Amino acid sequence: MVSPLAGGVLAFHIVKLTGLAVNTVAFPVLSAARRAGTAGVSLLVPARDEAVRLPETLPGLLAQPVEEILVLDDGSRDNTSDVVTTTASGDPRLRLVAGRPAPAGWVGKNWACQQLADAARGDRLVFCDADVHLAPGAVAAVVGEMHRQRASVLSVFPRQRTESLGERLTVPLIDEVLLSFLPYPLLRLPISAAACANGQLMAFDRAGYDRIGGHASVAGELVEDLALARRVRRLGLRLGLALGGDAVQARLYRGYGEAVAGFAKSLRGAHFGSRALLAANLAGHAVAYTLPWLRWSSGPAWRAAALAGLLERALVNAKTGRRQYAEVALVPIVAPAVVPAVLAAMRRRVRWKGRDYP
């Protein structure tokens, strides 16, 4: 006889696999076949302490046939501005913007993005983090997808590059949550609570950006992408979503320590600010993915649940194109691995890139 707990865990995985099956078919991926013109596009990059990443990502930015490329130095403590200035000398479209200190109540990135929008001349604004690698034609694919989805705002989830064990334990959770728990047809409904976005690359038409109030409307939000997405939905604008595929990739964090700090910054906001919900999610993840392996000999339901967790990660990797299938072996220990990030997110303040936030 199947125990209620084992049955519940197995049912959870069935629901999750169903959502994943829907998204495997339905969730859009940027495509070269759907490119559109990039006239009037401003490519906007907030940068703080990005002297290491920018030499890797600037060539991809410069390969985009956009009207202008603005990089804002957000009070960097390294030679970010020198890297941009040296590169800018060869391309008149690239301009370094010196960031001003953030006013009270503003999160640093939000203030940087608002300054970029104010300085931009284009009628389409593409905000792109400094860790994002753009393939030739990537921005044209973004604009084409905006047209196809008739979206005022399009959020792109880059294909995440992971090079260390700590990154492989944590970063894939972003794609797993998106593709397993949020069926694309649901994300298309005008429900603000179902809105989702990734701030690594967000594109706005100027009218839509102005209507939502720009980044000023989410000035104090640490998880500004979700806050923007929910605001877009509340105002009745069309929010588009797409996976980056080959066109947009990123290495979000470099190593386990940076991943823990990054997740600590965003986890509370992703759980509507609730410590209880965050703790419950962690406990549920442990029960769903770690416990089945500890109960392997307790019956077929536990074994099926254990194997379902591996299958989910494999399918997510296949959809996103990451194809690092060996990392499915890490699934049973992901919950313990994210405990430090959850504990840090429980604190009254978090620290990110040298700044403290409540």
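In case you missed it, the structure is sitting above this.
Not measured: the values here are computed from a predicted model.

A. Structural view of the overall build of the chain. Helices and strands together make up the secondary structure of the chain, namely 14 helices and 12 strands. Relative to the compact-globule value of 21 Å for 358 residues, the chain shows a C-alpha radius of gyration of 20 Å, a close match. Each of the three principal axes of the chain carries a C-alpha extent, and together these read 70 × 40 × 35 Å. Considering the chain as a whole, with its 358 residues, one finds that 56% of them fall into the buried category. Pairs at least 24 residues apart make up 82% of the contacts formed inside the chain by residues separated by at least 6 positions. When the accessible surface of the chain is split by element, carbon and sulfur atoms take 61% of a total near 14,600 Å².

B. A look at the packing of helix H1 (residues 4-26) against helix H7 (residues 172-181). At a minimum axis separation of 6 Å, H1 and H7 run at an interaxial angle of 90 degrees. When the interaxial angle is binned, H1 and H7 end up roughly perpendicular. Contacts between H1 and H7 pair Phe12, Lys16, Gly19, Leu20 and Asn23 from the former with Glu176, Leu178, Leu179, Ser180 and Phe181 from the latter. Class assignment for the residues of the contact of H1 with H7 results in 5 nonpolar, 3 polar and 2 charged.

C. Examining the side chain of Arg53 more closely. Mapped onto the secondary structure, Arg53 falls in the loop between strand E1 (41-47) and helix H2 (54-62). Other than its neighbours up to four places away in sequence, Arg53 contacts Ala130, Asp131, Arg251, Leu252, Tyr253, Arg254 and Glu258.

D. Structural detail: a nonpolar patch on the surface. Taken together, the side chains of Leu186, Leu189 and Ile191 make up a nonpolar region of the molecular surface, amounting to roughly 220 Å² of accessible area. In this fold, Leu189 is placed in the loop between helix H8 (184-187) and strand E8 (201-205). Residue class for Leu189 comes out partly exposed when judged on its relative accessible area of 40%.

E. Region of the structure containing the sheet that holds strand E3 (residues 94-98). Taken in spatial order, the 7 strands of this open sheet run E3-E2-E1-E4-E8-E6-E9, and their pairing is mixed. Edge positions in the sheet fall to E3 and strand E9 (239-243), since each has one partner strand and no second. Within the sheet, the average angular offset between the axes of one strand and its neighbour, ignoring direction, is 20 degrees. Where helix H3 (residues 80-88) meets the sheet, it contacts E1, strand E2 (68-73) and E3, and its direction lies at approximately 155 degrees from that of E3. Where helix H4 (residues 108-119) meets the sheet, its contacts fall on E1, E2, E3 and strand E4 (124-128), and the angle it forms with E1 comes to roughly 150 degrees.

F. Structural detail: the pattern of salt bridges. Enumeration over the complete set of coordinates arrives at 20 salt bridges. Put simply, Glu145 and Arg148 hold a salt bridge, and the shortest N to O gap is 2.7 Å. Linking Glu145 with Arg148, this pair stays in helix H5 (residues 138-149), spanning 3 residues, or about one helical turn. Take Arg148: its relative accessible area is 42%, and that puts it in the partly exposed class. Between Glu163 and Arg251 there is a salt bridge; the shortest N-O distance is 3.2 Å. Here Arg251 lies in the loop between strand E10 (248-250) and helix H11 (256-270) and Glu163 lies in the loop between strand E7 (159-160) and helix H6 (165-170), a separation of 88 residues in the sequence. Since its relative accessible area comes to 53%, Glu163 is described here as exposed. Here the salt bridges do not stand alone but share partners, grouping Lys16, Glu176, Glu312, Arg313, Arg322 and Glu327 into one network.

Rules used throughout
Residues numbered from 1 in each chain as written. Predicted model: local features only at pLDDT ≥ 70, side-chain atom pairs only at ≥ 80, totals over all residues. Heavy atoms only, no water. Helix = DSSP H or I, 4+ residues; strand = E, 2+ residues; numbered from the N terminus. Rg over C-alpha atoms; globule rule 2.2 N^0.38 Å. Buried < 20%, exposed > 50% of the residue type's maximum accessible area, 1.4 Å probe, protein only. Contact = heavy atoms within 4.5 Å. Areas by Shrake-Rupley, 256 points an atom, 1.4 Å probe, with all protein chains shown as cover. Axes fitted to C-alpha atoms, helices over the stretch in contact; angles between N-to-C directions. Parallel < 35°, antiparallel > 145°, perpendicular 65-115°, else oblique. Nonpolar A, V, L, I, M, F, W, Y, C, P; charged D, E, K, R; others polar. Patch = residues over 30% accessible without salt bridge, like charges linked within 9 Å, V, L, I, M, F, W, Y side chains within 5 Å. Salt bridge = Lys/Arg side-chain N within 4 Å of Asp/Glu carboxyl O. Pairing = 2+ DSSP bridges.

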